[in-house]
Amino acid sequence: MLLMLKRDPMTDNQSYRVSRSGRDDRSAATPYPHDAMTVVAKRYPGRWVTTGVFALLLILMIHSVVMNDNFAWPVVGRYLFSPIILSGLWVTLWLTVVIMLLAIVLGVAIAAMRLASNPLLAWCSGGYIWFFRGTPVLVQLIFWYNLAALYPQVTLGIPHLFTLYQGSMNDLITPYTAAILGLGLNEAAYMAEIIRGGMSSVDSGQQEAARALGMKQGLWLRRVVLPQAVPFIIPPTGNQVIGMLKTTSLVSVISLSDLLYSAQSIYSRTFENIPLLIVCCIWYLAATTLLSALQSRIEKYFRRSQRDASA
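All figures in this text were calculated on a predicted structure; none of them were measured in a lab.

## Concerning the overall build of the chain
Then step 1. Along the chain, the regular secondary structure elements total 11 helices and five strands.
Then step 2. Across the 311 residues that make up the chain, the buried fraction comes to 32%.
Then step 3. Relative to all contacts within the chain whose residues are 6 or more apart in sequence, the contacts with residues 24 or more apart total 66%.
Then step 4. Carbon and sulfur atoms make up 65% of the accessible area of the chain, which amounts to about 20200 Å² in all.

Shown next as structure tokens:
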């Protein structure tokens, strides 16, 4: 004699024959057609409404920008590849590279001092970070540019023994020098905190093992700590590079012919302010997009290297 056991249709929608011994006879399983279920995807009408509203607003905005003659798009096209604009773009890119290199080198040194066991070094690095992060970068930039008001003459060397350099401060502090010092020293304070955070993320056992092997501080920082801290330092450093590219526009106040100052020199004669500012925005967007793509590739490389090392 056989017993029929019907399972819950919400589980598998099938019935099985079960013998008196308690064993399932799955080979004789017969599905019930009326238990079949149809899966229907959940609908989100709110998403479609929101998408439609945003699409409509985007179309209206694009139509307003394109059809408004006050934007003067022909003027934008005429100046987009102007030699003056391209020269200013080159100065902006050059300043960004030089300033960030200076900031990274100083940032590593200041971060190492910050983590040093010597309290004097830690105090000096903390004071440096406190001062340069606590004062506006524009004020620092103008201060360096007017340094000759404090020290009209500069002398490098040991008094009464020898002199390496002697001359006017105005000859030494050019707009380029003031821009590099003003922006570079300020950025070094932020990079020092970024690098310090990355170095602090390395397990302390790694440092203790390096010291147990007899490594000096400079050696274990280069060989042990920094290589492991680089993946944590790269993302915020990339953001700082992109931010510095835009911050270089401040050098226009000291008459340095960067991208913004080049545009200002044109529209001060032609009074075409809006088109020239749009040209600046286009080039800044192009440069930041390129840097963002480069940052993404570098981050993927280090993530892949970490996975390979842990595999």
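## Focus on the confidence of the model for the chain
Then step 1. The pLDDT averaged across the chain works out to 83; a share of 86% of its residues lies at or above 70.
Then step 2. Counting contacts from residues 1-22, a segment whose pLDDT is below 50, to residues more than four positions away or on other chains yields 36 contacts.

## Quick word on the UniProt feature "transmembrane region" (unreviewed entry) in the chain
Then step 1. Mapped onto this numbering, the UniProt entry annotates "transmembrane region" (unreviewed entry) at residues 48-67, 87-113, 120-145 and 274-294.
Then step 2. Helix makes up 100% of residues 48-67 and strand 0%, whereas the separation of the span's terminal C-alpha atoms amounts to 28 Å.
Then step 3. Secondary structure content for residues 274-294 is 100% helix and 0% strand, while the C-alpha to C-alpha distance between its ends is 30 Å.

## Here's the deal with the packing of aromatic side chains
Given two aromatic rings, one states the distance between the centres and the angle between the planes to describe the pair.
Then step 1. Throughout the structure, instances matching the rule amount to six aromatic pairs.
Then step 2. Measuring from centroid to centroid gives 5.8 Å for Trp94 and Tyr176, while their planes differ by 80°, and the two rings are edge-to-face. Here the residue Trp94 occupies a position in helix α3 (residues 83-114), and Tyr176 occupies one in helix α7 (residues 175-200), the gap between them amounting to 82 residues.
Then step 3. What makes Trp94 partly exposed here is its relative accessible area of 34%.
Then step 4. Given a relative accessible area of 34%, Tyr176 falls into the partly exposed group.
Then step 5. Relative to Trp144, the ring of Phe143 lies with its centre 6.5 Å away and its plane at 85°, an arrangement referred to as edge-to-face.

## Regarding the pattern of salt bridges
Then step 1. Inspection of every chain in the model, using the stated rule, returns two salt bridges.
Then step 2. With a closest N to O distance of 3.8 Å, Glu272 and Arg78 form a salt bridge. One end of the pair, Glu272, is in the loop between α10 (259-270) and α11 (273-310); the other, Arg78, is in helix α2 (residues 73-79), and 194 residues separate them in sequence.
Then step 3. Note on Glu272: relative accessible area 22%, which makes it partly exposed.

## Describing the packing of α3 against α7
Then step 1. In the contact formed by α3 and α7, the axes pass within 6 Å of each other and the chain directions differ by 45°. Between α3 and α7, the crossing angle belongs to the class labelled oblique. Considering how the two elements wind past one another, α3 and α7 form a crossing that is right-handed.
Then step 2. Its residues assigned to classes, the contact of α3 with α7 shows 23 nonpolar, two polar and four charged.

## What to know about the nonpolar core
Then step 1. With 42 residues, the main nonpolar core has Leu95, Tyr128, Ala179, Met199, Val251 and Ile254 as its most contacted residues.
Then step 2. Elements that contribute at least two residues to this core include exactly α3, α4 (119-134), α5 (137-145), α7 and α9 (217-247).
Then step 3. If you tally residues by element for this core, the top one is α7, at 12 residues.
Then step 4. Dropping the residues within four chain positions of it, Leu95 is found in contact with Ala179, Ile180, Thr248, Val251 and Leu256.
Then step 5. Of all hydrophobic cores here, the second largest spans 18 residues; its members include Val76, Leu80, Ile278 and Trp283.

## A closer look at unusual backbone geometry
Then step 1. Phi at Ala72 takes a positive value of approximately 55°, unusual for a residue other than glycine.
Then step 2. Summarising the element assignment, Ala72 is placed in the loop between α1 (45-67) and α2.
Then step 3. A positive phi is found at Ser255, a non-glycine position, where the angle reads about 60°.
Then step 4. Here Ser255 shows up in the loop between α9 and α10.
Then step 5. The partly exposed category is assigned to Ser255, whose relative accessible area is 44%.

## Observations concerning the packing of helix α8 (residues 204-212) against α9
For any two helices packed against each other, one specifies the crossing angle of their axes together with the interaxial distance.
Then step 1. Viewed as axis vectors pointing N to C, α8 and α9 meet at an angle of 160°, and their least axial separation amounts to 10 Å. By the angle between their axes, α8 is roughly antiparallel relative to α9. Between α8 and α9 lies a crossing whose hand is right-handed. The residues of α9 that touch α8, namely those facing Gln206, Gln207, Ala210 and Arg211, are Trp220, Val224, Val225 and Gln228.
Then step 2. Taken together, the residues of the contact of α8 with α9 break down into four nonpolar, three polar and one charged.

Conventions and cut-offs
Residues numbered from 1 in each chain as written. Predicted model: local features only at pLDDT ≥ 70, side-chain atom pairs only at ≥ 80, totals over all residues. Heavy atoms only, no water. Helix = DSSP H or I, 4+ residues; strand = E, 2+ residues; numbered from the N terminus. Buried < 20%, exposed > 50% of the residue type's maximum accessible area, 1.4 Å probe, protein only. Contact = heavy atoms within 4.5 Å. Areas by Shrake-Rupley, 256 points an atom, 1.4 Å probe, with all protein chains shown as cover. pLDDT = per-residue confidence, 0-100. UniProt positions renumbered as here; feature names shortened; annotations may be inferred. Phe/Tyr/Trp six-rings, centres within 6.5 Å; stacked < 30°, edge-to-face > 60°. Salt bridge = Lys/Arg side-chain N within 4 Å of Asp/Glu carboxyl O. Axes fitted to C-alpha atoms, helices over the stretch in contact; angles between N-to-C directions. Parallel < 35°, antiparallel > 145°, perpendicular 65-115°, else oblique. Left-handed = near helix turned anticlockwise from the far one by under 90°. Nonpolar A, V, L, I, M, F, W, Y, C, P; charged D, E, K, R; others polar. Core = buried A, V, L, I, M, F, W, Y, C linked by side-chain atoms within 4.5 Å.

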